[in-house]
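# Structure at a glance
What follows is the residue order along each chain.
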Amino acid sequence: MTTVRLTTAQALVRFLANQYSERDGQEQRLIPGVWGIFGHGNVAGIGQALLQAAVTQEADLPYYLARNEQGMVHASVAYAKMRDRLATFACTASTGPGSTNMITGAALATTNRIPVLLLPSDMFATRAADPVLQQLEDTRGGDVTVNDAFRAVSKYFDRISRPEQLIPAALAAMRVLTDPVETGAVTLALPQDVQAEAYDWPVAFFRRRVWHVGRPVPEPAAVERAVRLLRKARKPLIVAGGGAVYSGAETQLRAFAQATGIPVADTHAGKGAVPWDHPCAVGGIGSTGSYAADELAKEADVVLGIGTRYSDFTTASHTVFGNPDVAFVNLNVARLDAVKHSAEPLVADARLGIEALARALKGWEVDPQYRERTRQLIGRTREIEDACFTVGHGPLPAQTEILGALNDVLGDRDVVINAAGSMPGDLQQLWRARDPKAYHVEYAYSCMGYEVAAGLGAKMADPSREVVVLVGDGSYLMMAQEIVTMVSEGLKVIVVLVQNHGFASIGALSESLGSQRFGTNYRFRNGGSGLLDGDVLPVDLAANASSLGADVLHATSVDEFRTAMEKAKAATRTTVVHVETDLYGPNPPGHGWWDVPVSQTSALETTRTAHETYAAHKQAQRHYL
Ligand SMILES: Cc1ncc(C[n+]2csc(CCOP(=O)(O)OP(=O)(O)O)c2C)c(N)n1
Ligand SMILES: [Mg+2]
């Protein structure tokens, strides 16, 4: 056996540089680079290996320096989302805090089912110098380290305590990353001494490997059962989720909807699979759904879920599907999702599943009255949307007006990114996407701080697109530092920073739940009340963005915002458009409910009233059995 002597870290770098994914005959690098922040634990291990690769060109694995470890995981996830999960980055971090900073990113990746390879550094395998700086000394056992916290949020976890363990672990990691059912965060914890340890590696470990990303075919009997149910439907409704996008099923879905007349509602991850102005497109569904989608969901007798995990926002906490006899057909590559709501499961790739259904349903379509009903509901929905875009609110504009203007000025291929706050709900109802990559809202983990870092990753994934990060002041304050990385990498992203001095989202939620917006405003503590309801803080986030190296434009009205956006589009550098909006809305009208429990007993009148409302809503909640 031919071997080559390398450290564990050098071997990992060489291995990663030779991994490819392939789907539909198209190959691409599975791990095109490594994000990292060095400290003890990786500086002389993976760090040395990446340097050696760059200097000797023995492996092609570029290194990117992030500013926050959580940020680099978000950037990698955004990259992978843009690439339909066929490529992602590896992320290396130093021992202790550097590594545990990646845990939130890991949870986000796994919750969203998006691949990312994490390489936290770990304590000495030899334990020669224990306890080292940043080491957890656990009385329960000498092998417990902070990296064990990754286990709960990783789809595969391994600790490489001997060099040769890397061989099966690295292969297992690639298997999980490229499996559409299993994918998520994959963690290989790397003890710092093992990273630097030399071993004679079989050369075959480093051969070019192509990981085929499959399109599982539906079982004919399952198609038959699904079609039997669909043929009986008088009021069917499609719920298109992320699976429809990752599978690249948009052409098939559009044609299927057109042919059958089944209206298509979408989740955050599925928006854009069908363009907003398609005659069957009824918009977002659920807690923050559109009027048309939520009305159709109330009546639907058969729901065809395509690539959706039916989160509580999609089902309005199990209330949106109101027909007592509603039945489900779930086309999903994951059996976990396919069987949800007692569905007739169709376990398959979304594209192949839709093609099979289309063949079996050829010639079948909904009644003309149902098409007409859909058309009318869409008409009413347009009026609601247009009213949100033109409320003429003052003196500060309403957020919905800003979103309307943004939608106007952006092109079909431009990507809008968001994750947390009041904007995901508004976007779910109002955003008009034509392209499956144009709407990039992370709403499985809804993680504040995702937005700016994700903008970086999305731009790297497709530099030909304009990437627009929409971020609230709260989210910006949690993590804006990857602006520095955009600047250092010469990447142009537009950041629309929506300043409303607090949490519009949680403030409104708190109020609706009888908790009076407690603790949700960014204000001074009031000497009188002792609450955080004093004056607005003298915070200048525009100056902050400028200090990080971005160009900054200000807007205080919708017209100024349009002008600023035109300038930002014409710019070649990362540009932050700072716009002030009204914390108190108005927001789009709500059509769906969200289950957030209210205190059953309270000394406060507001809470007691809210609990009555809560109890009434709770009545509508059901299991779909
Ligand atoms: C990391 C993280 N912490 C807390 C939350 C809970 N949360 C959801 S939205 C929100 C406030 C967001 O504020 P901002 O970004 O200003 O958006 P706005 O609500 O004002 O639109 C909070 C605290 C979260 N989603 N993520
Ligand atoms: Mg805010």
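Note that the structure is predicted; figures quoted are calculated from it, not measured.

## Thoughts on the site of ligand 1
- Among the 15 residues in the neighbourhood of ligand 1, the closest are listed as Ser 422, Ser 446, Asp 473, Gly 474 and Ser 505.
- Interatomic distance of 2.7 Å between a side-chain N/O atom of Asp 473 and an oxygen atom of ligand 1.
- Within the backbone of Ser 475, an N or O atom sits 2.9 Å from an oxygen atom of ligand 1.
- Coverage of ligand 1 by the protein amounts to 78% of the 580 Å² it exposes when considered alone.
- When contributions to the shell around ligand 1 are tallied by element, the ones reaching two or more residues are helix H19 (473–478) and helix H21 (504–512).
- Each residue belonging to the shell around ligand 1 can be placed in one class, and the counts come to five nonpolar, nine polar and one charged.

## As for the environment of Val 333
- Residue position: Val 333 is located in the loop between strand S16 (327–332) and helix H13 (335–338).
- Relative accessible area serves as the criterion here: at 19%, Val 333 is assigned to the buried category.
- When the C-alpha atoms of Val 333 and Glu 451 are compared, they prove to be 28 Å apart, with 118 residues separating the residues in sequence.
- Not counting residues within four places of it along the chain, the set of residues in contact with Val 333 comprises Pro 180, Val 181, Pro 216, Val 347, Ala 348 and Asp 349.

## Side note on the pattern of salt bridges
- Here the structure, examined in full by the defined rule, presents 39 salt bridges.
- A salt bridge links Arg 432 to Asp 386; its shortest N-O distance comes to 3.4 Å. Separated by 46 residues along the polypeptide, Arg 432 in the loop between helix H17 (423–430) and strand S19 (439–441) and Asp 386 in helix H15 (residues 368–389) bring together distant segments of the chain.
- Through salt bridges with shared partners, one network takes in Asp 24, Arg 215, Asp 349 and Arg 351.

## Focus on the domain arrangement of the protein
- Each assigned domain of the protein is listed with its residue range as follows: domain 1 (3–212), domain 2 (220–380) and domain 3 (390–501 + 539–580).
- Taking the mean C-alpha position of each, domain 2 and domain 3 sit 30 Å from one another.
- Every contact between the two is made by 20 residues of domain 2 and, on the other side, 16 residues of domain 3.
- Buried area between domain 2 and domain 3, summed over both chains or domains, comes out near 1600 Å², and the portion from carbon and sulfur atoms is 56%.
- A per-residue breakdown of the area domain 2 buries against domain 3 is headed by His 268, Lys 271 and Trp 276, which together make up 47% of the total.
- At the boundary of domain 2 and domain 3, one finds one salt bridge.

## Overview of the sheet that holds strand S14 (residues 281–284)
- Spatial ordering of the open sheet is given by S14-S13-S12-S15-S16-S17, a layout of six strands whose pairing is parallel. Both outer strands of the open sheet, S14 and strand S17 (344–347), are each paired with one neighbouring strand and no more. When strand polarity is set aside, the average angle formed by the axes of neighbouring strands in this sheet is 20°.
- The strands touched by helix H10 (residues 250–260) within the sheet are strand S12 (236–240), strand S13 (264–266) and strand S15 (302–306), with S12 carrying the most contacts at an inclination of about 165°.

## A few points about the nonpolar core
- Counting 57 residues, the largest nonpolar core has Trp 35 and Leu 118 as the members making the most contacts within it.
- At eight residues, helix H3 (residues 69–82) tops the list of elements feeding residues into this core.
- Inspection of this core shows a minimum of three residues originating in each of domain 1 (3–212) and domain 3 (390–501 + 539–580).

## Here we look at unusual backbone geometry
- Residue Asp 130 is joined to Pro 131 through a cis peptide bond whose omega torsion reads -10°.
- Mapped onto the elements of the fold, Pro 131 is located in the loop between strand S7 (116–122) and strand S8 (156–159).
- In the segment running from Gly 394 into Pro 395, the intervening peptide bond is cis, with an omega of -5°.
- Look at Arg 127: it is not a glycine, yet its phi comes out positive at around 60°.
- Looking at the secondary structure, you find Arg 127 in the loop between S7 and S8.
- Accessibility expressed as a relative area gives 42% for Arg 127, which makes it partly exposed.
- The backbone of Tyr 310 sits at a positive phi, close to 50°, despite the residue not being glycine.

## Some points on the state of the cysteines
- On inspection of all chains with the given rule, the structure shows zero disulfides.
- Of the cysteine sulfurs around Cys 91, a residue in no disulfide, the closest is that of Cys 447, at 14 Å.

## Points about empty space enclosed by the protein
- By the definition in use, this model includes four cavities of 30 Å³ or more.
- Of the pockets and cavities examined, the largest cavity occupies roughly 630 Å³.
- Of all the secondary structure elements, the ones that give two or more residues to the lining of the largest cavity are helix H5 (103–112), helix H9 (242–246) and helix H12 (312–315).
- Per-element tally for the lining of the largest cavity: the top contributor is H9, with three residues.

## Looking at the packing of aromatic side chains
- Scanning all chains against the criterion turns up 17 aromatic pairs.
- Note on Tyr 310 and Phe 328: the rings are 5.8 Å apart at their centroids and 85° apart in plane angle, and the pair reads as edge-to-face. Here Phe 328 lies in strand S16 and Tyr 310 lies in the loop between S15 and H12, a separation of 18 residues in the sequence.
- Among the aromatic residues, ring-to-ring pairing joins Phe 15, Tyr 199, Trp 201, Phe 205 and Phe 206 into one connected group.

## What about the layout of surface pockets?
- Space inside the largest pocket adds up to approximately 1100 Å³.
- A total of six residues in the lining of the largest pocket trace back to one element, the largest contributor, which is H21.
- The residue inventory of the lining of the largest pocket, partitioned by class, reads 20 nonpolar, 20 polar and two charged.
- Three or more residues apiece are contributed to the lining of the largest pocket by two domains, here domain 2 (220–380) and domain 3 (390–501 + 539–580).
- Within this model, the second largest pocket holds a volume of roughly 350 Å³.
- Considering the residues around the second largest pocket, the lining is formed by 18 residues, among which Arg 23, Gln 26, Arg 83, Asp 84 and Leu 86 are closest to the centre.
- Of all the elements, strand S3 (residues 26–29) adds the most residues to the lining of the second largest pocket, at three residues.
- Tallied by class, the residues present in the lining of the second largest pocket amount to four nonpolar, three polar and 11 charged.

## Digging into the packing of H10 against helix H14 (residues 350–360)
- At a minimum axis distance of 9 Å, the contact between H10 and H14 shows a crossing angle of 25°. Here H14 runs roughly parallel to H10, going by the angle between their axes. The element H10 and its partner H14 pack so that their crossing is left-handed. Here Gln 252, Leu 253 and Phe 256 of H10 come into contact with H14, specifically with Arg 351, Ile 354, Glu 355, Leu 357 and Ala 358.
- A class-by-class count of the residues in the contact of H10 with H14 yields five nonpolar, one polar and two charged.

Conventions used here
- Residues numbered from 1 in each chain as written.
- Chains lettered and ligands numbered in written order.
- Predicted model: local features only at pLDDT ≥ 70, side-chain atom pairs only at ≥ 80, totals over all residues.
- Heavy atoms only, no water.
- Near = heavy atom within 4 Å.
- Polar contact = N/O pair within 3.5 Å; in protein donor to acceptor, adjacent residues only side chain to side chain.
- Areas by Shrake-Rupley, 256 points an atom, 1.4 Å probe, with all protein chains shown as cover.
- Helix = DSSP H or I, 4+ residues; strand = E, 2+ residues; numbered from the N terminus.
- Nonpolar A, V, L, I, M, F, W, Y, C, P; charged D, E, K, R; others polar.
- Buried < 20%, exposed > 50% of the residue type's maximum accessible area, 1.4 Å probe, protein only.
- Contact = heavy atoms within 4.5 Å.
- Salt bridge = Lys/Arg side-chain N within 4 Å of Asp/Glu carboxyl O.
- Domains from an automatic or database assignment.
- Buried area = accessible area lost by both parts, 1.4 Å probe.
- Pairing = 2+ DSSP bridges.
- Axes fitted to C-alpha atoms, helices over the stretch in contact; angles between N-to-C directions.
- Core = buried A, V, L, I, M, F, W, Y, C linked by side-chain atoms within 4.5 Å.
- Disulfide = S-S within 2.5 Å.
- 1 Å grid on protein atoms, 1.4 Å probe; cavity = no way out; pocket = protein on both sides within 12 Å on 5 of 7 lines; lining within 4 Å.
- Points joined across faces, edges and corners; volume = space filled by probe spheres on them.
- Phe/Tyr/Trp six-rings, centres within 6.5 Å; stacked < 30°, edge-to-face > 60°.
- Parallel < 35°, antiparallel > 145°, perpendicular 65-115°, else oblique.
- Left-handed = near helix turned anticlockwise from the far one by under 90°.

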